[in-house]
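# Architecture and fold: a report
The chain contents come next:
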Amino acid sequence: MSGGKLDPIDRKILAELQADGRMTNVELAKRVGISAPPCLRRVRALEEQGFIRGYHAQVNARDLGFEVQVFAMVGLNSQAEADLARFEQRCREWPFVRECHMLNGEIDFILKCVTPDLSSFQNFLTEDLLAADNVITVKTSLVIRCAKVEPGVPFDVLEARAADIE
């Protein structure tokens, strides 16, 4: 479903929960200007419709001992759907791979990998990723620092687009 199917209260609920998924339903209802029971019904409907896919804690990887973050650009020998699906499934099984995106262009996939140290990443690279069926090239870039992490969507843009439609 597209964002255009949501009313302004639903969009406010999503924006508030994206900013703070731990707030109580009472606080959420107050922020969006409705009472708690209909707010809870709306949240449950948004969950059932798939607009809300889960609630997560944002953990500090470095404080937990994961010092190395690497983006790996992967080229495959075959882009047949069955081969793509097999590679995606394999990525889901590797714990160091935190994100896997199929791309259009020179590379087939970009993987975001998080490991405790460089030797752990090197072992993963040589023993798992490069050894995987259908992988023909891997180029890696080590993250020096992260300037921005903004999960979710920009609700101010969504609101502006919704205002243009209405």
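Residues numbered from 1 in each chain as written. Predicted model: local features only at pLDDT ≥ 70, side-chain atom pairs only at ≥ 80, totals over all residues. Heavy atoms only, no water.

The subject of this paragraph is the pairing of strand β1 (residues 68–76). Within β1, 7 of the 9 residues are buried, leaving the element largely enclosed by the surrounding structure. In terms of strand pairing, β1 meets strand β3 (residues 109–115) through 7 bridges, oriented antiparallel. Residue pairing in the sheet places Val70 in a bridge with Cys113 of β3. (Buried < 20%, exposed > 50% of the residue type's maximum accessible area, 1.4 Å probe, protein only. Helix = DSSP H or I, 4+ residues; strand = E, 2+ residues; numbered from the N terminus. Pairing = 2+ DSSP bridges.)

To continue, consider the packing of helix α1 (residues 8–19) against helix α6 (residues 155–165). Orientation of α1 relative to α6, taken along the N-to-C sense of each, is 170 degrees, at an axis distance of 10 Å. If you check the angle between α1 and α6, you find them roughly antiparallel. Contact residues: α1 offers Arg11, Leu14, Ala15 and Gln18, while α6 offers Phe155, Leu158, Glu159 and Ala162. (Axes fitted to C-alpha atoms, helices over the stretch in contact; angles between N-to-C directions. Parallel < 35°, antiparallel > 145°, perpendicular 65-115°, else oblique. Contact = heavy atoms within 4.5 Å.)

A word on the domain arrangement of the chain. Once the domains are mapped, the chain shows domain 1 (8–57) and domain 2 (61–142). Each of domain 1 and domain 2 was reduced to a C-alpha centroid, and the two centroids are 34 Å apart. (Domains from an automatic or database assignment.)

Let's shift gears to the packing of aromatic side chains. For any pair of aromatic rings, the description consists of the separation of the ring centres together with the inter-plane angle of the planes. By the definition in use, this model includes 5 aromatic pairs. Aromatic pair Trp94 and Phe124: ring centres 5.3 Å apart, planes at 85 degrees, arrangement edge-to-face. Of this pair, Trp94 sits in the loop between α4 (81–93) and β2 (97–102) while Phe124 sits in helix α5 (residues 118–129), and the two are 30 residues apart along the sequence. (Phe/Tyr/Trp six-rings, centres within 6.5 Å; stacked < 30°, edge-to-face > 60°.)

The 4 strands are arranged β2-β3-β1-β4 in an open sheet whose pairing can be described as antiparallel. Looking at which strands have only one partner, the edges of the open sheet turn out to be β2 and β4 (135–142). On average, each strand axis in the sheet is tilted by 20 degrees relative to the strand beside it, whichever way the strands run. α4 rests against β1, β2, β3 and β4 of the sheet, and its axis sits at about 15 degrees to β3.

As a further point, take the nonpolar core. Of all hydrophobic cores here, the largest spans 19 residues; its most connected members are Val74, Phe87, Trp94, Leu111 and Leu129. Among the elements of the structure, β1, α4, β3 and α5 are those that each provide at least two residues to this core. The contacts of Val74, once residues within four sequence positions are left out, are Phe87, Ile107, Asp108, Phe109, Leu111, Leu129, Val135, Thr137 and Val138. Listed in part, the 13 residues of the second largest apolar core include Ile13, Ala29, Leu46 and Phe155. (Core = buried A, V, L, I, M, F, W, Y, C linked by side-chain atoms within 4.5 Å.)

Inspection of the secondary structure puts Arg11 in helix α1. Reaching out from Arg11, the side chain makes a polar contact with the side chain of Glu159 at a distance of 2.7 Å. (Polar contact = N/O pair within 3.5 Å; in protein donor to acceptor, adjacent residues only side chain to side chain.)

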